[in-house]
2 protein chains.
Amino acid sequence: SGELFVLTYGALVAQLCKDYEKDEDVNTCLDRMGYGIGVRLIDDFLARSAVKKCRSYSETANMIAQVAFKMYLGVTPTVSCSSAAGNEFSLILDKNPLVDFVEELPAERASLCYCNLLCGVIRGALEMVHLPAEVTFLQDRLKGDAVTEIGITFLRKAEDRKHRRN
Amino acid sequence: SGELFVLTYGALVAQLCKDYEKDEDVNTCLDRMGYGIGVRLIDDFLARSAVKKCRSYSETANMIAQVAFKMYLGVTPTVSCSSAAGNEFSLILDKNPLVDFVEELPAERASLCYCNLLCGVIRGALEMVHLPAEVTFLQDRLKGDAVTEIGITFLRKAEDRKHRRN
């Protein structure tokens, strides 16, 4: 059951909002905390999912959406590739369980990325498997967008990786 | 999967340890946060567990251990009654999933009740069903005790309740 987690996460965000006046600082802190979590969570993920090594960024993005999100949050985002270079992907969430108890952001917290911990988790986990990436929220239903969209940009070009491998 | 929750909880405790110098203040803050969570979680619990009204404190304590702990933490504490008046109970945890990633408390945090959020959750949830209670850690494996023990003292005597009902 995830309700205890979702409410505890809410308490964490509320505490950080007390601690930091600026939304940007809360966002940075959530991302940094998430990074620390991802760095540790990856071992659990690899052990329990028993997935094989991904052979492309596309495969990695799909693994995050279909295996990791399903395992830890119980939802499966849609994946789309958003760059010709093949290193940018979007995870699109119709439903985001982490905001189940959040009605809307308070007016004075309009720039808060409430779920920014998730970006850090993904970034930390990817770094541990030698896939440095930038991970950010591109859209957020809490901010009035139609969907919630997490952007993942792998920092080495797909071509570079192939080259390095050969 | 609870690992993401357990690690996020760890990040919350770490943040509070940054915020407050005194362990007692961290403990109080965790308890207060937990209370706020319990007040909301009880609706989810009643809806999903479909349990009937408990007829005694003993039944309530067993419900917390066997249904609520199982549902939210995946473990089932042993329950023992520790007062002749029948209003004090202990939940004894052989295994506490919330500390899965904690090796030991740092020396300078010897008075920290790492899992104090749980006490607040139980207290908040009980208050919502008109059962005011005191909930505290009596033993903690993180502090070198043999088991982890949560004490629940219902604040109205069992006899008073029967009297009120008649």
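Since the structure is predicted, the reported quantities are computational estimates derived from the model, not experimental observations.

(A) Quick peek at the relation of the copies chain A and chain B. For the pair chain A and chain B, the superposition axis carries a translation of 0.0 Å, the fit reaches an RMSD of 0.0 Å, and the rotation angle comes to 180 degrees. Between the two chains, the operation in question is that of a two-fold axis. By residue overlap, the copies meet face to face through one surface: 100% of the interface positions of chain A are interface positions in chain B.

(B) Representation of the packing of aromatic side chains. All names here are of chain A. Evaluation of the coordinates by the stated rule reveals 7 aromatic pairs over all chains. Taking the centre distance of 4.2 Å and the plane angle of 5 degrees together, the rings of Tyr-57 and Phe-154 count as stacked. Residue Tyr-57 is located in helix 3 (residues 57-73), and its partner Phe-154 is located in strand 4 (residues 148-154); the two are separated by 97 residues in the primary sequence. Both residues of the pair, Tyr-57 and Phe-154, belong to the buried class. Each member of the aromatic cluster is reached from another via a ring pair, and the members are Tyr-57, Phe-89 and Phe-154.

(C) Fine view of the pairing of strand 2 (residues 88-93) of chain B. Residue and element names in this part refer to chain B. Relative to strand 2, strand 1 (residues 78-81) runs antiparallel, the two sharing 4 bridges. Of the residues in strand 2, the one forming a bridge with Ser-80 is Ser-90. Connecting strand 1 to the next strand, strand 2, in antiparallel fashion are 6 residues, including Gly-86 with a positive phi near 75 degrees.

(D) Spatial organisation of the interface of chain A and chain B. Taken together, the contact between chain A and chain B spans 28 residues of the former and 28 residues of the latter. Both sides together, the interface formed by chain A and chain B hides about 2,400 Å², and carbon and sulfur atoms give 69% of it. There are 2 salt bridges connecting chain A and chain B. The closest approach of N and O atoms between A:Arg48 and B:Glu3, which form a salt bridge, is 3.6 Å. At the junction of chain A and chain B, the tally comes to 4 residue pairs in polar contact (both at pLDDT 80 or more). Elements supplying a minimum of two residues to the side of chain A that touches chain B: helix 1 (3-19), helix 2 (23-49), helix 3 and helix 4 (116-128) of chain A. The element best represented in the side of chain A that touches chain B is helix 1 of chain A, accounting for 12 residues. Residue classes in the side of chain A that touches chain B are distributed as 18 nonpolar, 3 polar and 7 charged.

(E) View of a nonpolar patch on the surface. Residue and element names in this part refer to chain A. There is a patch of nonpolar side chains on the surface, built from Leu-46, Met-128 and Val-129 and spanning about 220 Å² of accessible area. You can see Met-128 is positioned in helix 4. When its relative accessible area of 38% is taken as the criterion, Met-128 is described as partly exposed.

(F) Focus on helix 4 (residues 116-128) of chain B. Residues and elements named next belong to chain B. Spanning 13 residues, helix 4 covers 19 Å between terminal C-alpha atoms, matching the ideal 18 Å at 1.5 Å per step. In terms of burial, helix 4 is largely enclosed, as 10 of its 13 residues are buried. Those residues of helix 4 that sit buried are Asn-116, Leu-117, Leu-118, Cys-119, Gly-120, Val-121, Ile-122, Gly-124, Ala-125 and Leu-126. Looking at the residues trailing helix 4, positive phi occurs at His-130, about 60 degrees.

(G) Spotlight on helix 1 (residues 3-19) of chain B. In this model, helix 1 of chain B (17 residues) spans 24 Å end to end at C-alpha, consistent with the 24 Å of a helix rising 1.5 Å per residue. The element helix 1 of chain B is extensively covered by neighbouring structure, given that 14 of its 17 residues are classed as buried.

(H) Summary view of the pattern of salt bridges. In the structure shown here, the tally under the stated rule is 10 salt bridges over all chains. A:Arg109 is the partner of A:Asp23 in a salt bridge, and the nearest nitrogen-oxygen pair spans 2.7 Å. Here the residue A:Asp23 occupies a position in helix 2, and A:Arg109 occupies one in the loop between strand 2 (88-93) and helix 4, the gap between them amounting to 86 residues. Each member of the pair A:Asp23 and A:Arg109 is classed as buried. Measuring nitrogen to oxygen at the nearest pair gives 2.6 Å for the salt bridge that ties B:Arg123 to B:Asp31. Of the two residues, B:Arg123 is situated in helix 4 and B:Asp31 in helix 2 (residues 23-49); the sequence distance between them amounts to 92 residues. Overall, the relative accessible area of 22% leaves B:Arg123 in the partly exposed class. Each of the salt bridges in this network shares a partner with another, and the network as a whole consists of A:Glu3, B:Asp44 and B:Arg48.

Conventions adopted
Residues numbered from 1 in each chain as written. Chains lettered and ligands numbered in written order. Predicted model: local features only at pLDDT ≥ 70, side-chain atom pairs only at ≥ 80, totals over all residues. Heavy atoms only, no water. Least-squares fit on C-alpha atoms with pLDDT ≥ 70 in both. Contact = heavy atoms within 4.5 Å. Phe/Tyr/Trp six-rings, centres within 6.5 Å; stacked < 30°, edge-to-face > 60°. Helix = DSSP H or I, 4+ residues; strand = E, 2+ residues; numbered from the N terminus. Buried < 20%, exposed > 50% of the residue type's maximum accessible area, 1.4 Å probe, protein only. Pairing = 2+ DSSP bridges. Buried area = accessible area lost by both parts, 1.4 Å probe. Salt bridge = Lys/Arg side-chain N within 4 Å of Asp/Glu carboxyl O. Polar contact = N/O pair within 3.5 Å; in protein donor to acceptor, adjacent residues only side chain to side chain. Nonpolar A, V, L, I, M, F, W, Y, C, P; charged D, E, K, R; others polar. Patch = residues over 30% accessible without salt bridge, like charges linked within 9 Å, V, L, I, M, F, W, Y side chains within 5 Å. Areas by Shrake-Rupley, 256 points an atom, 1.4 Å probe, with all protein chains shown as cover. Expected span 1.5 Å × (residues − 1).

By themselves, these observations are geometric and do not establish any function.
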